[in-house]
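Here is what each chain is made of, one letter per residue.
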Amino acid sequence: MLAEEMLALDCPYCGATIYQPISWFKQTYSTCPACDGGLAAGQFEKTITDLEQAMDENVVEMIFGKPQSGCCGNH
Ligand SMILES: [Zn+2]
């Protein structure tokens, strides 16, 4: 069972850090838990693409700090 990658991205409206699974940010439409602002998938698309690329390059540890056990550990 794969644990989904979690992302912490800043809300473009209120600046709150939104910590959700990647799929949450890829929803067509979602709302910020902090300010209830409308968030379209496109607003995060570039960030997510960059992050996924970083994960491929194993830079992910820089972003997430500690490795989580059971997820992509040997990649
Ligand atoms: Zn917000």
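Residues numbered from 1 in each chain as written. Predicted model: local features only at pLDDT ≥ 70, side-chain atom pairs only at ≥ 80, totals over all residues. Heavy atoms only, no water.

A. Representation of the pairing of strand β1 (residues 6-10) within the structure. Alternating residues of β1 divide into Leu-7 and Leu-9, all buried, and Met-6, Ala-8 and Asp-10, none buried. When β1 meets strand β2 (residues 17-21), the two strands line up antiparallel, connected through five bridges. Of the residues in β2, the one forming a bridge with Asp-10 is Thr-17. Here β1 folds back onto β2 in antiparallel fashion, the turn holding six residues, of which Gly-15 has a positive phi close to 80 degrees. (Buried < 20%, exposed > 50% of the residue type's maximum accessible area, 1.4 Å probe, protein only. Helix = DSSP H or I, 4+ residues; strand = E, 2+ residues; numbered from the N terminus. Pairing = 2+ DSSP bridges.)

B. Broad picture of the nonpolar core. Membership of the largest hydrophobic core comes to 13 residues, with the highest contact counts inside it found for Leu-7, Leu-9, Ile-18, Phe-25, Leu-39, Phe-44 and Ile-48. Listing elements by their share of this core, those giving two or more residues are β1, α1 (22-25) and α2 (41-56). When neighbours within four sequence positions are excluded, Ile-48 is seen to be in contact with Leu-7, Ile-22, Phe-25 and Lys-26. (Core = buried A, V, L, I, M, F, W, Y, C linked by side-chain atoms within 4.5 Å. Contact = heavy atoms within 4.5 Å.)

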